[in-house]
Amino acid sequence: MLDPATTSYIVLALLAVLLVIGTHIGVALGLAGILGMYLTIGPDAAWAQLAMVPFATTNSFMLAVIPLFILMGSFATQANLTTDLYRTAYAWLGRLPGGLAIATTFASAAFGAASGSTVVNAAVFTRMALPEMTRLGYDKRLSAGCIAASGTLAALIPPSILMVIYAIITEQSIGKIMLAGLVPGLLTAIVFMGGIYVRVKLNPSLAPMPKEVISWGERWKSLYGVWGIGVLFLLVIGGIYAGLFTPTYAGAIGAFGALLIVILKRRLTGKSMLEIIKDTGITSTTIFIIIIGGMLFARFLTYTGVINDLSAYLISLELAPYTYLLCFIVVFLILGMFIESIAIMVMTLPVMYPVLTGVGYDPIWLGIISVKLAEISLCTPPVGLNVYVVRSASPVPLTLENVFSGVMPFVVMDFLVLAVLIFFPQLSLFIPNMMS
Amino acid sequence: QAEFNLRWAHYLPNTPFLEIENSFAEAVEKRTDGKVKITGTYAGGLGGAGEILNLAGRGAVDFATSAAGYYPDRLPVWKASQLPFVFDTPKQAIETFKTLREEFPLFDEEMKGMGIRFLFQQPLGSYYFVGPQAGCDTLEGLAGKKIRAFGSEIPKIISAAGAVAITLTTTEMYEAVQRGVIDYANADVGNIASLKLYEVGKNICGPIMTFSGHMMTISERTWAKLPEEYQKIIMEEADAAQQRYLDWVDDNGKNAIKVINDAGIQITPFNADEMAKWKAATPDLVQAWAEDMAKRGKGEEANKIAARLKELAK
Amino acid sequence: MIQLSRFLEKMALVTVLVGGIGLMLSMGLGVADVVGSYFNHPVPGAYELTESTMVLVVFGGLTYAQIKRKHIRVELLYLRMGPRVQSLMDILADIAALVFFGLLIWQGWNEAAYSIEINEATSGLIRFPLYPARILLVFGSAMFLAQMSVDFIEDIRRLITGEGGREEELISEEIKALMEEGAQRRA
Ligand code: NA
Ligand code: NA
């Protein structure tokens, strides 16, 4: 057997090559993980893990909320909830500098209350807002970047797939973490909107002003459009806190609620149902294949013990608590350049979580920090899931670089929010503390 | 310098709850002068509860710790060790199965079929009901109440009490009681203390039932590779750990009860007459197990085990 | 070849639809379980059926996602390459996927066969058989493998002809008009 260090180099090189030539990310991670286990532990381990992981990962009640949240998002879109939201946001914010981008961010944040998946958010608003912004002559980097970045808001604003995964790994309360994400999510949205305003104010050519004028009457009337999202939010979050169902059932209840709204609005046709089913199937399968590959890769890394050794070393140094936090952030972001967020959580948390809570950090707050780091990772090159989604869902021609360079200013703003969340833990914790 | 670097996969996070198992690994290392080194990976890092015994059997890990309940068709014989309403104390559950294992080769054969070997078993503390309302000490109080269940057997006894079984994981319980999704949590006394269930349910009744917890196993492939002297050390330390566990479970139970009492909560014992009525209303779970084994073509030996089990548990 | 790929597309559509219907079913079961529990009548088996359905959703959608080229990949370098290099990269990526899913099918099949042998089922009150889900995993992966083989041959053909990677979706007249309007506004 090869030693873990040599194997790690070989495996990382293979992973890099596979990624660069355009292999499916899940396949690249899975194949690299299997080769790694084959070389370090032996064929028995590699084959046994390959036999277990794909089935165990998909045949899971906890992870079933992922396709159900996606389904909920598809129904909400079909019910025109997103379009209505977007109209409302546009009516109120459209006359600001960069108004359409600001409205998109606002609408994406609000839709985050109904969608648990950053990927769903990014895909929905790429199809809906990108053509509008293109028509108005918006800089395509600004418009694509804003959609990719504000799509990640779905991870902090409950419900959220990433929070479910954090809660499962760390055995924390799903409900508490979801509540804790509300303020940080809104804060991020506000910072994004402010950032767009300032950038367009400084450089008006990024976003030409629309000619249409919106009357106050139309504005008030547009507010009617948000009832659907409001109802869904109350149903899902309210239902959990009223004790009507456990958070693991939030996906089924939310999807069903969204379906009822579609039927109520008389927008359910056979054709649209077919599209929703296809879309949900495709999005779920692409996400799960990455989770399966990421899990195999994570098992390989766990076998090598590199993260374990690293953290044992860090603990032995008896550093100040914030140094550990800094290490966690750096490790997360480096992995976040290459690996999908869910897999990073699976790899780092079993090791770093006990260390960080051991030095006194709050587990719920740590969940919010982890989700924030995951949001950043979703946008950083070379592997940035949300950027890919915008690129692949775009009806307007875009290159991956367009989106990556467009999203960078938002990543900078994300770091600003991260710093605020670190220095003011109460922003995350006061709501869950109030509720218990 | 280690001669054997062995990997141990555990399905639970590394908490003081795993003290005895960790001390087993340390003792093996120490007695082999570090020639056998055991590295633990906890919280399902190398595989979830339903994966790791398979992984050990196939040689992907060397030691594995999980419960028989996660392998209903791979370890059906061992499932008998997790039947409720059979034993009075955790100690009795462990000792009964120690005897059964010695008398009936079926237990070891079943593990061998999976490619693993039994080392020792964790005794779970007794189970109690925890909820905001009083009355969990009688059948009348339980009637129509929603009570947390798990696995295949617990729902049967809850239904027999006229209550409604709601399947929930351990981590979901606290919130479920707090928000009123269920009327009573159902947990072993150690978990009631560590999950702070007494915060959301001031009424605790029991003990209701007790049975064995998870098992420490070693991969047969690993076992075959080890020289006899190390095998001997591992078996001796496994027996010692089993013994320590029996002492530990009483202390752990007492400590947990102290934590609960210190929070100002007294445990209401389940009414003895009511318990007798409840057990009478419950189908014979040992018999049901033997019937299930008969379907698997092992009825004859299972009947013998069932008879002996009832005799030992008396 | 063309017949095979048409057949695959039909099958892929069927499995993605069956998965979607399964997902709706588990949504309905979840709602029924929540409502039923509220009135003291939880739905037995809701939990187990949902789990198996997820296997159907994921492995049923696999091939359709591939046909629509929706699986997520890095294209940073790919898009800058000439047509023949693109095809070469595609071929290598195809091989990687063929190897991975080939191994996955091999191991998945062993598990499925063993599951049938021991009549594997879930441990809840209702004993829900697990082998259908395990077979679905193998079946979905096998369909994906067949699709990847078709793609592999197509990519070799493209390497020979120098056509380059798969074409981007054509821009519709609508989008073209939209982009022109934007360009005018900017100017
Ligand atoms: Na969300
Ligand atoms: Na990234």
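Predicted, not measured: the structure shown is a model, and the values here were computed from it.

**Student:** Describe the overall build of chain B, and please don't skip the residues or the numbers.
**Tutor:** If you tally the helices and strands in chain B, you get 13 helices and 11 strands. In summary, chain B has a C-alpha radius of gyration of 20 Å against a globular reference of 20 Å for 314 residues, a match within 12%. Of the contacts made within chain B by residues no fewer than 6 positions apart, 76% connect residues no fewer than 24 positions apart. Within the structure as shown, chain B displays about 12300 Å² of accessible surface, and the carbon and sulfur contribution to it stands at 49%. For chain B, the distance from the average position of its 35 positive side-chain charges to the average position of its 42 negative side-chain charges is 3 Å.

**Student:** Summarise the interface of chain C and chain A; cite the residues concerned and give the values.
**Tutor:** With 67 residues of chain C at the contact, the number on the chain A side is 74 residues. Counting the surface lost from both chain C and chain A, the interface buries some 6300 Å², and carbon and sulfur atoms represent 76% of this. Scanning the region where chain C abuts chain A turns up 2 salt bridges. The partner of C:Glu181 in a salt bridge is A:Arg135, with the nearest N and O atoms 3.2 Å apart. Counting residues per element, the side of chain C that touches chain A draws most heavily on helix H2 (residues 46–67) of chain C, at 15 residues.

**Student:** How would you sum up the pattern of salt bridges? Please name residues and give values.
**Tutor:** What the rule picks out here adds up to 36 salt bridges over all chains. The salt bridge partner of A:Glu275 is A:Lys278, with a shortest N-O separation of 3.6 Å. Separated by 3 residues within a single helix, A:Glu275 and A:Lys278 lie in helix H16 (residues 270–304), roughly one turn from each other. For A:Lys278, a relative accessible area of 16% corresponds to the buried category. What emerges from the salt-bridge pattern is a single network uniting B:Arg58, B:Arg74, C:Glu111, C:Glu120 and C:Arg134.

**Student:** Just give me the short version of unusual backbone geometry, but keep the residues and values in it.
**Tutor:** Note that the residue after A:Pro158, namely A:Pro159, is joined by a cis bond; omega there is 0 degrees. Structurally, A:Pro159 is set in the loop between helix H9 (153–156) and helix H10 (161–170). Look at the link from B:Gly206 to B:Pro207: it is a cis peptide, with omega at 0 degrees. Of note, the phi angle at A:Arg266 is positive, near 55 degrees, even though the residue is not glycine. Residue classification places A:Arg266 among the exposed residues on the basis of a relative accessible area of 76%. Its identity as a non-glycine residue notwithstanding, C:Arg69 has a phi of 50 degrees, on the positive side. Along the chain, C:Arg69 falls in the loop between H2 and helix H3 (83–117).

**Student:** A description of the interface of chain B and chain A should follow, citing residues and the corresponding values.
**Tutor:** Listed by partner, the interface residues are 25 residues for chain B and 28 residues for chain A. Note on chain B versus chain A: buried area summed over both sides is about 2200 Å², and carbon and sulfur give 56% of it. Residue A:Arg299 pairs with B:Glu51 through a salt bridge whose shortest N-O separation is 3.0 Å. Between the two partners, chain B and chain A, sit 4 residue pairs in polar contact (both at pLDDT 80 or more). Of all the elements in the fold, those that place two or more residues in the side of chain B that touches chain A are helix H2 (52–57) and helix H7 (173–179) of chain B. A class-by-class count of the residues in the side of chain B that touches chain A yields 7 nonpolar, 11 polar and 7 charged.

**Student:** Now, about the packing of aromatic side chains: what can you tell me, with residues and values included?
**Tutor:** Considering all chains together, one arrives at 35 aromatic pairs over all chains under this definition. Pairwise contacts between aromatic rings join B:Phe17, B:Phe24, B:Phe63, B:Phe120, B:Tyr245 and B:Trp248 into one cluster. Positioned above the aromatic ring of B:Phe85, the side-chain terminus of B:Lys279 is 5.5 Å from the ring centre. The ring of A:Phe55 carries the charged tip of C:Arg134 above its face, separated from the ring centre by 4.0 Å.

**Student:** Explain the packing of helix H8 (residues 140–151) of chain A against helix H22 (residues 400–423) of chain A to me, and be specific about the residues and the numbers.
**Tutor:** Residue and element names in this part refer to chain A. It is the contact of H8 with H22, at a shortest axis distance of 7 Å, that shows an interaxial angle of 65 degrees. Judged on the interaxial angle alone, H22 and H8 are roughly perpendicular. Between H8 and H22 the crossing geometry is right-handed. Across the interface between the two elements, Lys 140, Arg 141, Leu 142, Ala 144, Gly 145, Cys 146, Ala 148 and Ala 149 from H8 touch Asn 402, Val 403, Ser 405, Gly 406, Val 407 and Phe 410 from H22. Among the residues forming the contact of H8 with H22, the class breakdown is 8 nonpolar, 4 polar and 2 charged.

**Student:** Please provide a residue-by-residue account of a nonpolar patch on the surface, values included.
**Tutor:** A cluster of nonpolar side chains, namely A:Leu326, A:Val330, A:Ile334, A:Met337 and A:Phe338, defines an oily patch on the protein surface of about 430 Å² accessible area. With respect to the helices, strands and loops of the structure, A:Leu326 is situated in helix H18 (residues 321–338).

**Student:** Please set out helix H3 (residues 43–58) of chain A residue by residue, giving values where relevant.
**Tutor:** Its 16 residues place the ends of H3(A) 24 Å apart at the C-alpha level, agreeing with the 22 Å of an ideal helix rising 1.5 Å per residue. Counting buried residues along H3(A), 13 of its 16 residues qualify, which places the element largely inside the surrounding structure.

**Student:** Give a description of the sheet that holds strand E8 (residues 185–188) of chain B that names residues and reports values.
**Tutor:** Residues and elements named next belong to chain B. Overall, mixed pairing links the 4 strands, which are arranged E8-E5-E9-E11 in an open sheet. Two strands close off the open sheet at either side, each with one partner strand: E8 and strand E11 (267–269). Recorded for the sheet is a direction-independent mean angle of 35 degrees between the axes of neighbouring strands.

**Student:** So what's going on with the domain arrangement of chain A? Which residues, and what values?
**Tutor:** Residue and element names in this part refer to chain A. Structurally, chain A comprises domain 1 (1–59) and domain 2 (62–284 + 305–435). Relative placement of domain 1 and domain 2: their C-alpha centres are 30 Å apart. Tallying the contact residues gives 4 residues for domain 1 and 5 residues for domain 2. Taking both sides of the interface into account, the surface hidden between domain 1 and domain 2 amounts to around 420 Å²; carbon and sulfur atoms contribute 85%. Across the side of domain 1 that touches domain 2, the residue classes tally to 3 nonpolar, 1 polar and no charged.

**Student:** Describe the UniProt feature "domain: TRAP C4-dicarboxylate transport system permease DctM subunit" (unreviewed entry) in chain A, and please don't skip the residues or the numbers.
**Tutor:** UniProt's feature table lists "domain: TRAP C4-dicarboxylate transport system permease DctM subunit" (unreviewed entry) at residues 12–427 of chain A, given in the numbering used throughout. Overall, residues 12–427 of chain A shows 78% helix and 0% strand. The separation of its end C-alpha atoms is 38 Å.

**Student:** Residues and numbers for the sheet that holds strand E1 (residues 4–10) of chain B, please.
**Tutor:** Residues and elements named next belong to chain B. Taken together, the 5 strands give an open sheet; going across it, the order is E2-E1-E3-E10-E4, and neighbouring strands pair in mixed fashion. Looking at the sheet topology across the chains shown, the edges are occupied by strand E2 (36–41) and strand E4 (116–123). Going across the sheet, the axis of each strand differs from the next one's by a mean of 20 degrees, ignoring polarity. Where E1 meets E2, 6 bridges bridge the pair, whose relative direction is parallel. Among the inter-strand pairings, Leu 6 is bridged to a residue of E2, identified as Ile 38. Against the sheet, helix H1 (residues 19–31) makes contact with E1, E2, strand E3 (63–66), E4 and strand E10 (212–219), and its axis sits at roughly 155 degrees relative to E2, the strand it touches most. Along the sheet, helix H4 (residues 106–114) contacts E4 and E10; its crossing angle with E4, the most-contacted strand, is approximately 120 degrees.

**Student:** Mind laying out the environment of A:Leu296, listing which residues take part and the relevant values?
**Tutor:** All names here are of chain A. Along the chain, Leu 296 turns up in helix H16. For Leu 296, a relative accessible area of 0% puts it in the buried group. Through-space distance from the C-alpha of Leu 296 to that of Gly 26 is 9.5 Å; in sequence the pair is 270 residues apart.

**Student:** Now, about helix H5 (residues 81–93) of chain A: what can you tell me, with residues and values included?
**Tutor:** All names here are of chain A. The end-to-end C-alpha separation of H5 is 18 Å, in line with the 18 Å expected for 13 residues at 1.5 Å each. Most of H5 is tucked away, with 10 of its 13 residues classed as buried. Along H5, the residues classified as buried are Leu 81, Thr 82, Asp 84, Leu 85, Tyr 86, Thr 88, Ala 89, Tyr 90, Ala 91 and Leu 93. Where H5 is buried, its residues meet helix H4 (65–78), helix H6 (99–112), helix H7 (118–135), helix H13 (216–222), helix H14 (227–241) and helix H15 (250–264).

**Student:** Account for empty space enclosed by the protein, with residues named and values stated.
**Tutor:** Residues and elements named next belong to chain A. Applying the stated criterion across every chain yields a total of 6 cavities of 30 Å³ or more. Each pocket or cavity is described by its volume, and for the largest cavity that value is around 130 Å³. Surrounding the largest cavity, Gly 116, Ser 117, Thr 118, Val 119, Ile 161, Leu 162, Ile 287, Glu 340, Ile 342, Leu 378 and Leu 385 form its lining. Only H7 and H10 provide two or more residues apiece to the lining of the largest cavity. In terms of residue class, the lining of the largest cavity is made up of 7 nonpolar, 3 polar and 1 charged.

Cut-offs applied
Starting afresh in each chain, residues are numbered from 1 along the sequence in its written order. All chains are assigned letters beginning at A, and all ligands numbers beginning at 1, according to the order in which they are written. Owing to the predicted nature of the model, reporting of local features is limited to residues with pLDDT of at least 70; listing and counting of side-chain atom pairs is limited to 80 or more, with chain, interface and lining totals taken over all residues. Computation of side-chain values: all heavy atoms of the structure, hydrogens and water removed. Only DSSP runs of H or I covering at least 4 residues are called helices, and only runs of E covering at least 2 are called strands; the numbering of each starts at the N terminus. The size measure is the radius of gyration over C-alpha atoms, and the globule rule it meets is 2.2 Å times the number of residues to the 0.38 power. Any two residues whose heavy atoms approach within 4.5 Å at even a single point are treated as in contact. In these tables, accessible area is a Shrake-Rupley quantity obtained with a 1.4 Å probe, and a residue counts as shielded only by the protein chains included in the view. By the counting scheme adopted, Arg and Lys are positive, Glu and Asp are negative, and His together with the chain ends is not counted. A charged residue contributes its charge at one atom only: NZ of Lys, CZ of Arg, CG of Asp or CD of Glu. Take the accessible area each of two parts loses on contact, using a 1.4 Å probe, and add the two losses: that sum is the buried area. For this analysis, a salt bridge means a side-chain nitrogen from Lys or Arg found within 4 Å of a carboxyl oxygen belonging to Asp or Glu. Between buried and exposed lies partly exposed: a residue is buried under 20% and exposed over 50% of the maximum accessible area for its type, with that area taken using a 1.4 Å probe on protein chains only. Each polar contact in these results corresponds to two N or O atoms within 3.5 Å; when the atoms are within protein, one needs to be able to donate a hydrogen and the other to accept it, and residues that are neighboring in sequence are counted only if both atoms are side-chain atoms. Gly falls in the polar group here, along with every residue not listed as nonpolar (Ala, Val, Leu, Ile, Met, Phe, Trp, Tyr, Cys, Pro) or charged (Asp, Glu, Lys, Arg). Each Phe, Tyr or Trp ring (for Trp, its six-membered ring) is paired with any other whose centre lies within 6.5 Å, and the angle between the two planes then decides the class: stacked below 30 degrees, edge-to-face above 60, tilted in between. Look at NZ for Lys and CZ for Arg. If either is within 6 Å of the ring centre and within 35 degrees of the ring normal, a charge sits over the ring. Lines fitted to the C-alpha atoms define the axes, with helices restricted to the stretch that makes contact. Angles between their N-to-C directions range from 0 to 180 degrees. Put simply, angles under 35 degrees are roughly parallel, angles over 145 are roughly antiparallel, angles from 65 to 115 are roughly perpendicular, and the rest are oblique. Take the far helix as the reference: if the near one is turned anticlockwise from it by less than a right angle, the crossing is left-handed, and if turned clockwise, right-handed. For patch detection, residues must exceed 30% relative accessible area and be free of salt bridges, and they are connected within 9 Å for like charges or within 5 Å for nonpolar side chains (Val, Leu, Ile, Met, Phe, Trp, Tyr). One less than the number of residues in a helix, times 1.5 Å, gives the span that helix is expected to have. Two strands pair if DSSP finds at least two bridges between them. Domain limits in this description derive from either an automatic procedure or a database domain assignment. UniProt positions are given in the numbering used here, feature names are shortened, and annotations may be inferred rather than shown by experiment. As defined here, a cavity is a set of points on a 1 Å grid over the protein atoms alone where a 1.4 Å probe fits but cannot get out. A pocket is an open set with protein on both sides within 12 Å along at least five of seven lines, and residues line them when an atom is within 4 Å of a point. Grid points are joined across faces, edges and corners, and a volume is the space filled by probe spheres set on the points.

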